[in-house]
Amino acid sequence: MGDVWTWIISFLILITLIGFIVYQLICLADLEFDYINPYDSASRINFVVLPEFILQGFLCFFYLITGHWFMALLGVPYLYYNFQLYSKRQHLVDVTEIFNLLDWEKKKRLFKLAYMILTLFLTIFWLIYSTLDDNED
């Protein structure tokens, strides 16, 4: 039963991460269609970037302490990418450059979204597998 709770917690964390990424994409789309000014868009995106990084790091650590090595290894490239962005000080959106980098920022977040959805599907698979495995015992 403990494994099922692990996957449920992982599922909720992934849904939160996907929500952060979708929120950033919505802010970028609003900026592209002039529904919002660059300062508001950048401040809204920058507000959720650091919690996203922290939550992703916690998720990898959570997989490690619960013994799900494959999922932890699957999260390492994304965690490394976030660490590189943070260490190079490129994790925040610059207000003055946001229009020049709009396509790149959208592509970057779409890639993150695809990566998180893949991880979510694997989590749902393992959640169902664990639930069925517990019912057989």
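Residues numbered from 1 in each chain as written. Predicted model: local features only at pLDDT ≥ 70, side-chain atom pairs only at ≥ 80, totals over all residues. Heavy atoms only, no water.

A. Representation of the packing of aromatic side chains in the model. Scanning the model with the defined rule gives nine aromatic pairs in all. Seen in terms of ring centroids, Phe33 and Tyr35 are 6.4 Å apart; in terms of plane orientation they differ by 40°. Their pairing is tilted. Note on accessibility: Phe33 and Tyr35 belong to one class, exposed. The interplanar angle of 70° and the centroid separation of 5.1 Å between the aromatic rings of Phe125 and Trp126 together place this pair among those described as edge-to-face. Phe125 gets classed as partly exposed once you look at its relative accessible area, which sits at 46%. (Phe/Tyr/Trp six-rings, centres within 6.5 Å; stacked < 30°, edge-to-face > 60°. Buried < 20%, exposed > 50% of the residue type's maximum accessible area, 1.4 Å probe, protein only.)

B. Fine view of the UniProt feature "transmembrane region" (unreviewed entry) in the protein chain. The sites that carry the UniProt feature "transmembrane region" (unreviewed entry) are, in the present numbering, residues 7-26, 53-81 and 113-132. Here residues 7-26 is 100% helix and 0% strand, with 28 Å between the C-alpha atoms at its ends. Along residues 113-132, the helical share is 100% and the strand share 0%, with 28 Å between the first and last C-alpha atoms. (UniProt positions renumbered as here; feature names shortened; annotations may be inferred. Helix = DSSP H or I, 4+ residues; strand = E, 2+ residues; numbered from the N terminus.)

C. Structural context of helix α2 (residues 38-66). Relative to the 42 Å expected for 29 residues at 1.5 Å per residue, α2 spans 42 Å between its end C-alpha atoms, a close match to the ideal helical length. Contacts from the buried residues of α2 go to α1 (2-32), α3 (69-87) and α4 (102-136). Looking one or two residues beyond α2, the residue adopting positive phi is Gly67, at roughly 85°. (Expected span 1.5 Å × (residues − 1). Contact = heavy atoms within 4.5 Å.)

D. Examining empty space enclosed by the protein more closely. Counted according to the given criterion, the structure contains one cavity of 30 Å³ or more. Roughly 40 Å³ of internal volume is contained in the largest cavity. Residue lining of the largest cavity: Gln56, Leu59, Tyr63, Met71, Gly75, Tyr115, Met116 and Thr119, and that is the complete set. Elements with a minimum of two residues in the lining of the largest cavity: α2, α3 and α4. Looking at side-chain class alone, the lining of the largest cavity contains five nonpolar, three polar and no charged residues. (1 Å grid on protein atoms, 1.4 Å probe; cavity = no way out; pocket = protein on both sides within 12 Å on 5 of 7 lines; lining within 4 Å. Points joined across faces, edges and corners; volume = space filled by probe spheres on them. Nonpolar A, V, L, I, M, F, W, Y, C, P; charged D, E, K, R; others polar.)

E. Looking closely at the nonpolar core. Among the nonpolar cores identified, the biggest contains 19 residues, and Leu14, Leu17, Ile21, Leu59, Tyr63 and Met116 are the most heavily contacted of them. Broken down by secondary-structure element, the contributors of at least two residues to this core are α1, α2, α3 and α4. Residue contributions to this core peak at eight residues, all from α1. With residues up to four places along the chain from it excluded, the contact list for Leu14 reads Leu59, Tyr63, Met116, Thr119, Leu120 and Thr123. In this structure, Leu28, Leu85, Val93 and Ile98 belong to the second largest nonpolar core, which totals twelve residues. (Core = buried A, V, L, I, M, F, W, Y, C linked by side-chain atoms within 4.5 Å.)

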